[in-house]
Amino acid sequence: MQPKILLLEDLPADAELVQMELMLGGIDAEILRVASRETFVNALAKFQPDIILSDFNLPGFSGMSGLEIRNQQAQNVPFIFVTGSLGEEMAVSTLRSGATDFVLKDRMARLPAAVSAALDSSAQREERERVDRELTTERSLMQAVLDAAQAMIVVLDHNGHIMHTNAAAGRMTSQSRPDMIGNKFWEAMSQSDQSETVRQHIQAALDSHDDSPLPSWPMVTHAERTVICSSAKLPSNYRGERLVVCGIDVTDQERAERHAFFLGHFDPITNLPNRRHFLQQLSEYCNRRDSDTGTALVIMMIGMVRAQEIADSYGDATFNQVLIEMVRRLRVWQSHADLLARVADSSFALAFEVGRGPDLDMLVPHILEQLREPITVGQSQILPAVHGGLALYPDNASEAGLLLQAAESALHCVTPETTQNFAFYTPLLSDQIRERLLLEGELREALKTDDQLILHYQPQVDIATGQVIGLEALIRWRHPRLEWLPPARFIPLAEVCGLMVPLGRWVMRRACQQLRDWKVQGFIAPTVAINLSAGQFSAPSLIDDVGITLREFGVEPHQLELELTESASMSHPEASIVIMQQLRNMGLKIAIDDFGTGYSNLSYLKRFPVDRLKLDQAFVRDIMTDADDLAISRAIIAMAHQLRLEVVAEGVETREQLKLLAGAGCRTVQGYLFSRPVAAEVCQALVQLPFAVY
Ligand code: C2E
Ligand code: MG
Ligand code: MG
């Protein structure tokens, strides 16, 4: 290609001379002559010369100035002075200032060689720069590829020093590249307690000779990441690079696996083992256990009564706090780290060693007592009700699964009417339990079908007039398998299996619906009394439920009376007072049922905002024969009147009983003497005709 020469020369003759010399030297160039600063600068930009030949002195401009401009704007273009005499000093100075060469005008024959040499060296430099640029691009592409890799890639020299790393290596160790480069791999990357093991792996890899793949190994980095490393020898020794170590971060997978294991074996709320894990641990414990210790291994299943109601009323977060507090209390008793578990939604299993006999009989109530202590969560105070079922190893079963089942059977045996809130397993239990569980399922179904449950009503009669002044609603179950079931057969069951609130709601709705129907039929019914169980009474939803139901059926509050047993109202008297007051404020009447059997604290009775006491039928039954019962009945009636409470005597079956009660001042009675509880259709007739009292 024809080279382009920019010639800075004021004399045309000298320019011609230059051209001629070049031609003589075989250089066919395109030459542009300029003689001023302006034209020179212009030519640099537009003409883009391959080389500049410059005179030293020009009018109004100088070669040195031209050189300076070239230094700034076209550094890579060779610059040769073609000049008259030039002192040695000046010659050195031009070269220092960046001139490529100089040719004296009296030695012009050298010009073509000088130009050729300058063009060659310029071409070579350009080629070098191009190669350098390509190398740099390639290197940064390689680094970008390495950095894009999710795996750690580290290159080591023959001593295990780090020579290159990628971004993933930095992420996995939380270190910057400069911090790692030059350091020993095992010191820079792994935690100190592992560095010797890691060093051995690296050394083995460096020492290996054949191409067979090296085993991979785990490493925990300074940044607590678990990395599975593998290494490969580099095929040849580049600049000292010997070994590539690749690592994959498995921390998240490991965590996920651990989490999956946790979820499969533990309860995430209490962090206790779940049923499955507990059984494994219990089984291992039993196998390890020395049977000659003289102690018994007790498996105690602890069930929370009305757990679902707590969760429904207070929300899951509060319920979880209750569970956590229960666990804290239970931990005191566990014998071994794994022998406390949450085995179902509302039950725990605890295994502990204890001396046989009296020890256990004293210990179990003590444990349950502590669990029953109120639990405060935020603004709410929750009174947990718990019961226990116990089985002994190896007496009751020799295998963990059966042992837990035995404790569970015993647990199912405890109901509100059993005297103790715990039971020990006996083989007889299993059949009873099966029956109970069956009944529980059937009750659930009955609540859905709505044609098996029925309310009957028993009149309450005013002794003076024979008028029916109230009706007590009493539930019955027309059971598909067992025919008529009295409430005693299923109310306690509903209490323990969490069905009492829905059952109670059903009773309330059914009674209100009946009141509405009677009203539609033009029958003005007297007050209807509904029995509330302890669980219903303490459920926070009670007040709302009552209000909603009254409104739904257009029933006036004074048409309803709520009966609460003495024992239920006395178990947490302060709380009872608050609830009674709220119901009273709504306009409902309140009665205390089965009064006299519950060892009432009289000071509370005085404070209870109630309307009536129902004298328990136990007193009435023997009132004719048992002088004590008569005395108690009289005392209760007198005391009630003192407190301005009405008394209803329950279970009055004979006229003699009626007379005695009337003599003691009782004005209202309820019992078979006048009527058994009857179907709703019969009530109208009963109410309209007064009973003949004497
Ligand atoms: P309670 O509330 O004390 O009801 C009185 C019980 O005595 C009724 O038994 C009634 O049939 C029975 N009774 C009435 N007069 C006589 C009599 O002259 N002699 C004898 N021997 N018994 C008489 P029932 O209907 O079997 O109810 C038993 C208990 O079940 C009730 O005692 C009450 O505590 C509970 N209950 C009944 N219905 C409901 C209900 O809807 N909800 C709740 N929570 N409990 C209920
Ligand atoms: Mg009652
Ligand atoms: Mg009663």
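Residues numbered from 1 in each chain as written. Chains lettered and ligands numbered in written order. Predicted model: local features only at pLDDT ≥ 70, side-chain atom pairs only at ≥ 80, totals over all residues. Heavy atoms only, no water.

1. Let's talk about the overall build of the protein chain
- For the protein chain, the helix and strand inventory stands at 27 helices and 29 strands.
- Here the C-alpha radius of gyration of the protein chain, 51 Å, is well above what a compact globule of 694 residues would show, namely 26 Å.
- Across its three principal axes, the protein chain shows a C-alpha extent of roughly 165 × 70 × 45 Å.
- Across the 694 residues in the protein chain, those meeting the buried criterion constitute 47%.
- Considering only contacts within the protein chain whose residues lie at least 6 apart along the sequence, 63% involve residues at least 24 apart.
- When the accessible surface of the protein chain is split by element, carbon and sulfur atoms take 52% of a total near 34,600 Å².
- If the 62 positive side-chain charges of the protein chain are averaged to one point and the 89 negative ones to another, these points end up 5 Å apart. (Helix = DSSP H or I, 4+ residues; strand = E, 2+ residues; numbered from the N terminus. Rg over C-alpha atoms; globule rule 2.2 N^0.38 Å. Buried < 20%, exposed > 50% of the residue type's maximum accessible area, 1.4 Å probe, protein only. Contact = heavy atoms within 4.5 Å. Areas by Shrake-Rupley, 256 points an atom, 1.4 Å probe, with all protein chains shown as cover. Lys, Arg positive; Asp, Glu negative; His and termini not counted. Charge placed at Lys NZ, Arg CZ, Asp CG, Glu CD.)

2. Details of the coordination of the magnesium ion (ligand 2)
- At the metal site, the magnesium ion (ligand 2) is ligated by Glu472 (OE), Asn531 (OD1), Glu563 (OE) and Asp593 (OD), and these contacts range over 2.0 to 2.2 Å.
- The sequence pattern formed by the donor residues of the magnesium ion (ligand 2) is E-x58-N-x31-E-x29-D.
- Taken as a pair, the magnesium ion (ligand 2) and the magnesium ion (ligand 3) lie 4.1 Å from each other and share Asp593 as a ligand. Taken together, the positions of Asn531 in strand β23 (residues 527-532) and Asp593 in strand β25 (residues 589-595) put the pair 62 residues apart, joining distant regions of the chain.
- Taking the relative accessible area as the measure of exposure, Asn531 reaches 27% and is therefore partly exposed.
- On the basis of relative accessible area, Asp593 is assigned to the buried category, the value being 6%. (Donors = N, O, S within 2.8 Å, 3.2 Å for Na, K, Ca; no water.)

3. Description of the environment of Val461
- Among the structural elements, Val461 can be located in strand β20 (residues 453-462).
- Through-space distance from the C-alpha of Val461 to that of Leu439 is 35 Å; in sequence the pair is 22 residues apart.

4. Let's talk about the sheet that holds strand β13 (residues 295-305)
- With mixed pairing, the five strands of this open sheet are ordered in space as β14-β15-β13-β18-β19. Single-partner strands in this sheet number two, and they are β14 (340-344) and β19 (422-424). Shown here is a sheet whose adjacent strand axes are inclined to one another by a mean of 25°, direction ignored.
- By the bridge criterion, four bridges tie β14 to strand β15 (residues 347-355) in an arrangement that is antiparallel. Considered in β15, the bridge of Arg342 is made with Phe348. (Pairing = 2+ DSSP bridges. Axes fitted to C-alpha atoms, helices over the stretch in contact; angles between N-to-C directions.)

5. Regarding the environment of Leu438
- When you line up the elements, Leu438 lands in helix α16 (residues 429-449).
- Along the primary structure Leu438 and Ala534 are separated by 96 residues, whereas in three dimensions their C-alpha atoms are 24 Å apart.

6. Here we look at the packing of aromatic side chains
- Counted by the stated rule, this structure contains nine aromatic pairs.
- Geometrically, the ring pair formed by Phe56 and Phe81 is tilted, given 5.1 Å between the ring centres and 55° between the ring planes. Here Phe56 is found in the loop between β3 (51-54) and β4 (57-58), whereas its partner Phe81 is found in strand β6 (residues 79-83), with 25 residues between them in sequence. Each member of the pair, Phe56 together with Phe81, is buried.
- One aromatic cluster is present, formed by Phe56, Phe79 and Phe81 through successive ring pairs.
- Seen from the ring of Tyr672, Arg676 lies directly overhead, with NZ or CZ sitting 3.8 Å from the centre. (Phe/Tyr/Trp six-rings, centres within 6.5 Å; stacked < 30°, edge-to-face > 60°. Lys NZ or Arg CZ within 6 Å of the ring centre and 35° of its normal.)

7. As for the sheet that holds strand β11 (residues 226-233)
- Ordered by their spatial adjacency, five strands build an open sheet running β9-β8-β12-β11-β10, and the pairing between neighbours is antiparallel. Looking at the sheet topology across the chains shown, the edges are occupied by β9 (162-165) and β10 (217-220). Across the sheet, the mean angle separating the axes of adjacent strands is 30° when strand polarity is ignored.
- Here β11 runs beside strand β12 (residues 241-249); their pairing, made up of seven bridges, is antiparallel. From the neighbouring strand, Ser230 faces β12, where its bridge partner is Cys246.
- The strands that helix α9 (residues 195-207) touches are β8 (152-157), β10, β11 and β12; relative to β12, the one it contacts most, it runs at about 135°.

8. Things to note about the side chain of Gln514
- Mapped onto the elements, Gln514 comes out in helix α18 (residues 500-520).
- What makes Gln514 buried here is its relative accessible area of 7%.
- Residue contacts for Gln514: discarding those within four places in its chain leaves Tyr457 and Ala680.

9. Brief notes about the site of ligand 1
- Near ligand 1 you find 24 residues, and of these Asn531, Asp593, Gln617, Glu653 and Tyr672 are the closest.
- Note that an oxygen atom of ligand 1 is positioned 2.8 Å from one of the side-chain N or O atoms of Arg476.
- Within the complex, 82% of the 790 Å² of free accessible area of ligand 1 lies under protein.
- Taken together, the elements giving at least two residues each to the shell around ligand 1 come down to β21 (468-479), α17 (487-496), α18, β23 and β25.
- Here the shell around ligand 1 takes four residues from β21, the largest share from any one element. (Near = heavy atom within 4 Å. Polar contact = N/O pair within 3.5 Å; in protein donor to acceptor, adjacent residues only side chain to side chain.)

10. So, the environment of Leu104
- Its place among the elements puts Leu104 in strand β7 (residues 101-104).
- With 51 residues separating them along the chain, Leu104 and Leu53 place their C-alpha atoms 12 Å apart.
- Among all residues touching Leu104, those that are not within four sequence positions of it are Thr83, Gly84 and Leu86.

11. Comments concerning helix α26 (residues 655-663)
- Looking only at α26, the buried set comprises Gln657, Leu658 and Leu661. The arc enclosing the buried residues of α26, seen along the axis, measures out at 100°, which places them on a common side. Opposite the packed face of α26, turned more than 90 degrees from it, sit the exposed residues Lys659 and Gly663.
- For α26, the elements touching its buried residues are β26 (612-615), α24 (617-621), α25 (627-642), β27 (646-649) and β28 (668-669).
- Positive phi shows up at Gly665, right after α26, with a value of about 105°. (Arc of directions from axis to C-beta.)

12. Quick look at the domain arrangement of the protein chain
- For the protein chain, the domain assignment lists domain 1 (4-127), domain 2 (152-253), domain 3 (266-429) and domain 4 (449-688).
- Each of domain 1 and domain 2 has a C-alpha centre, and these two points are 57 Å apart. (Domains from an automatic or database assignment.)

13. Re the pairing of β27
- In this structure, β26 lies alongside β27, joined through four bridges in parallel fashion. Bridge assignment links Lys614 to a residue of β27, and that residue is Val648.
- Pairing of β27 with β28 involves two bridges; the strand directions are parallel. Looking at the pairing, Ala649 lines up with Val669 of β28.

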